[in-house]
Amino acid sequence: YREDRKTWNPFIGYDSLRIELAYRALGEQREGEAAAVEPVCVRSGLYEVDVVNAESYPVYWNQTEKIPVMRGQWFIDGTWQPLEEEESNLIEQEHLNRFKGQQLQESFDMEVSKPVDGKEAIHSLKLSRNHVDWHSVDEVYLYSDATTSKIARTVTQKLGFSKASSSGTRLHRGYVEEATLEDKPPQTSHIVFVVHGIGQKMDQGRIIKNTAMMRDTARKIEEKYFSNLATHVEFLPVEWRSKLTLDGDTVDSITPDKVRGLRDMLNSSAMDIMYYTSPLYRDELVKGLQQELNRLYTLFCSRNPEFEEKGGKVSIVSHSLGCVITYDIMTGWNPVRLYEQLLQKEEEELEDRWMSYEEQRLLEELYVTKQRLREIEERLYGLKASTISKPPVLKFKVENFFCMGSPLAVFLALRGIRPGNSGSQDHILPRTICNRLLNIFHPTDPVAYRLEPLILKHYSNISPVQIHWYNTANPLPYEHMKPSFLNPTKETTSVTESESVSAVPSPTTSPVMVRRHYGESITNIGKASILGAASIGKGLGGMLFSRFGRSSTTTPQTLETGKDGAEGDDKKATAAGSPPLPHSSSGFLEPTVELEHRIDFELREGLVESRYWSAVTSHTAYWSSLDIALFLLTFMYKQDQEEPDKSNLD
């Protein structure tokens, strides 16, 4: 098959043999009337091959261009690319006519080593722009009949070179590897729905390309680190935007003509956020995504009946605004419910204040009428399905919900969610709905926000977990990584002077991150301070400047600690057990409550990355990251690998 008009790629043996069987079945049918053959499922079930039209198309998403499929017979030596089918068929026909029934004289390896120079062509075939010479049964050469090639051939032959060695291309009948049914894809144990954010109206095929990038990087990581497992993770794109009509073209009609290109770009991207905050179109966006998720899951299960039987799991990776819509689908959140709660609160406040007899009588009447209305509504629900849209329901339980470059925290903060005093994920997303919530972001992504400070306020001063580089040897498992402060203070109230000299890491004096493997940019400490100050739950006033001022003085100290004390002292600190969290930079005693599981995970910045340029590109840099692919697979394969020992990542 050939994608994007690039080189031809071979199908795996299992797919190749099944396509060949269908092709031969079609050949037998041609004598009759109906030429119908079932399409063949290929490439881990993501594509089907239409043998009649020799083309392939995706099963789970729409693609305008069909992928051409070719039955390769004659292949070019070295590159093993197939000859075009017309020429290949002519050569095959000629070859069978001339040599059918003859046996090969010697083994293939012996033939390769023997020179062709002395042999004359025993058979020749003229094609439109080339000709083919057979020197023996399995020594076949292709020559170009272009004028320049003829001249070159004449010159080299006069110099004493043979025709074959000077300008011939050796051909092989059959591919370099033999197809076997054992060469088949592993069973899918986990499917991942990849949900796009805003801007898909502008480029409808982008999520399909992005998911393909993510799938390819995940395949590389699987081959490198998880090749011992008999199962694999499949990524499916969820393209929910293009089917929605929303306002038709009303917004386009009210858009002024000047700088039209820029305005169209904003209409196709940022406008999605405005649609989502509109009570008129919000439901349409939610239903669009929910129906597409359910459609894909039902289709996948119908084509893989053993998936549910064997306890297959489902995770969702959402990007940007897609995170907010996915969250609302899972939790069934609705602005109407928020409005009802607001009204109820107002009623309670009204009851508390003094009022006249007439006002009181009317309020009681209103209360009784509302009660009666609720009773009638309940009876109506019992008789027939409600016309009021119920919260959308998914047909599957979500194992992991990965948010990438997500503004979800801002939406939740604006809905009135405030930090609590328990370190449970249930505060924002109950474990009964989704087993694990993980928030991935690039440090300079302008759209991404932290979620942890919405659960426990003091986490705004604890740095997000750093995602390991994919090529790190023996990385520490994420669940064993201790929280580290964004802004280590200079005050040594909780440690003695001798301890601070020997640089034993503790939450107050430890460096921002241990840097012995990673070599991160020094300015990260300054960046971490800004992030901590700007994160949700902390006031901006004064903090930003105090942290900015302090970051320059702490930089050499923390780096020195990281270099000198990290090797041996890390072990000491771990052996001694983690001390309780002492004073933070803001000066108050931190509570000892910790999160059950960490939620915020931050990509590492590149060493030569421009801060301003990466702010532009980072929001879309997640798809092809090998670090993220390893991170996702680590959490999804965790159920299969119960042992925390990740020695296979070495």
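Residue indices begin from 1 for each chain and proceed along its sequence in written order. Given that the model is predicted, a residue must reach a pLDDT of at least 70 before its local features are reported, and side-chain atom pairs must reach 80 or more before they are shown or counted; all residues, however, enter totals for whole chains, interfaces and linings. Side-chain numbers here rest on the full set of heavy atoms in the structure, without hydrogens or water.

**Observations regarding the packing of aromatic side chains**
Working step 1: For Phe, Tyr and Trp, rings pair up if their centres lie within 6.5 Å, where Trp contributes its six-membered ring, and each pair is then called stacked (planes under 30 degrees apart), edge-to-face (over 60) or tilted (otherwise). Summed over all chains, the structure comprises 17 aromatic pairs.
Working step 2: With 5.7 Å between their ring centres and 85° between their planes, Tyr 478 and Phe 601 make a pair best called edge-to-face. Taken together, the residues span a long stretch of sequence, with Tyr 478 in the loop between β15 (465–466) and α16 (497–501) and Phe 601 in strand β16 (residues 600–602) at a distance of 123 residues. Of the two residues, Tyr 478 and Phe 601, neither departs from the other in class, the shared state being buried.
Working step 3: Between the aromatic rings of Phe 631 and Phe 635, the centroid separation amounts to 4.9 Å while the plane-to-plane angle is 55°, which identifies the pairing as tilted. Here Phe 635 and Phe 631 lie together in helix α20 (residues 626–636), a separation of 4 residues that amounts to about one turn.
Working step 4: For a lysine, the NZ atom is tested; for an arginine, the CZ atom; a charge sits over a ring if that atom is within 6 Å of the ring centre and within 35 degrees of the ring normal. Directly above the ring of Tyr 47 sits Arg 43, whose terminal nitrogen or CZ lies 4.0 Å from the centroid. Helix numbers and strand numbers start at the N terminus; a helix is a DSSP run of H or I with at least 4 residues, a strand a run of E with at least 2. The buried label applies to any residue whose accessible area, calculated with a 1.4 Å probe on protein chains only, is under 20% of its type's maximum; exposed applies above 50%, and partly exposed to all values in between.

**Focus on the pattern of salt bridges**
Working step 1: Any carboxyl oxygen of Asp or Glu that lies within 4 Å of a side-chain nitrogen of Lys or Arg is treated as forming a salt bridge with it. Per the stated rule, a full pass over the model turns up 21 salt bridges.
Working step 2: Here Arg 295 and Glu 292 are joined by a salt bridge, their closest N and O atoms 2.9 Å apart. Separated by 3 residues within a single helix, Arg 295 and Glu 292 lie in helix α10 (residues 282–303), roughly one turn from each other.
Working step 3: Assessed through its relative accessible area of 6%, Glu 292 is described here as buried.
Working step 4: Put simply, Glu 596 and Arg 431 hold a salt bridge, and the shortest N to O gap is 3.5 Å. On the criterion of sequence distance, the pair formed by Glu 596 in the loop between α18 (543–576) and β16 and Arg 431 in the loop between α15 (408–414) and β14 (434–441) is long-range, its members being 165 residues apart.
Working step 5: Residue Arg 431 is classed as partly exposed on the basis of its relative accessible area, which comes to 27%.
Working step 6: What emerges from the salt-bridge pattern is a single network uniting Arg 215, Arg 219, Glu 222 and Glu 234.

**Here's the deal with the nonpolar core**
Working step 1: In these notes, a set of buried Ala, Val, Leu, Ile, Met, Phe, Trp, Tyr and Cys residues joined through side-chain atoms within 4.5 Å is what counts as a nonpolar core. Formed by 103 residues in total, the largest nonpolar core has its most connected members in Phe 193, Phe 401, Phe 631 and Leu 632.
Working step 2: Not counting residues up to four positions away in its chain, the partners in contact with Leu 632 are Met 214, Phe 235, Val 317, Phe 402 and Ile 440.
Working step 3: Counting 12 residues, the second largest nonpolar core, distinct from the first, contains Leu 83, Phe 99, Val 140 and Leu 171. Contact criterion: two residues are considered in contact whenever any of their non-hydrogen atoms come within 4.5 Å of each other.

**Looking at the side chain of Asp 627**
Working step 1: With respect to the helices, strands and loops of the structure, Asp 627 is situated in helix α20.
Working step 2: Counting rule applied: Lys, Arg positive; Asp, Glu negative; His and chain ends not counted. Salt bridges are absent for the buried Asp 627, whose nearest opposite-charge side chain, Arg 604, sits at 6.8 Å.
Working step 3: Looking at Asp 627, its side chain comes within polar contact range of the main-chain nitrogen of Tyr 470, at 2.9 Å.
Working step 4: Setting aside residues up to four positions removed in sequence, Asp 627 forms contacts with Ile 467, His 468, Trp 469, Tyr 470 and Leu 603. Between N or O atoms, a polar contact is any pair within 3.5 Å; within protein, one atom must be a potential hydrogen donor and the other a potential acceptor, and residues adjacent in sequence are included only when both atoms are from side chains.

**Considerations on a nonpolar patch on the surface**
Working step 1: Where nonpolar side chains cluster on the molecular surface, the patch consists of Val 259, Leu 262, Met 265 and Leu 266 and spans about 370 Å² of accessible area.
Working step 2: The topology assignment puts Leu 266 in helix α8 (residues 260–268).
Working step 3: Leu 266 sits in the partly exposed class, given a relative accessible area of 43%. Think of a patch as exposed residues, more than 30% relative accessible area, with no salt bridge, where like charges cluster within 9 Å and nonpolar side chains (Val, Leu, Ile, Met, Phe, Trp, Tyr) cluster within 5 Å. All accessible areas in this document rest on Shrake-Rupley with a 1.4 Å probe, and a residue is counted as covered only by the protein chains that are shown.

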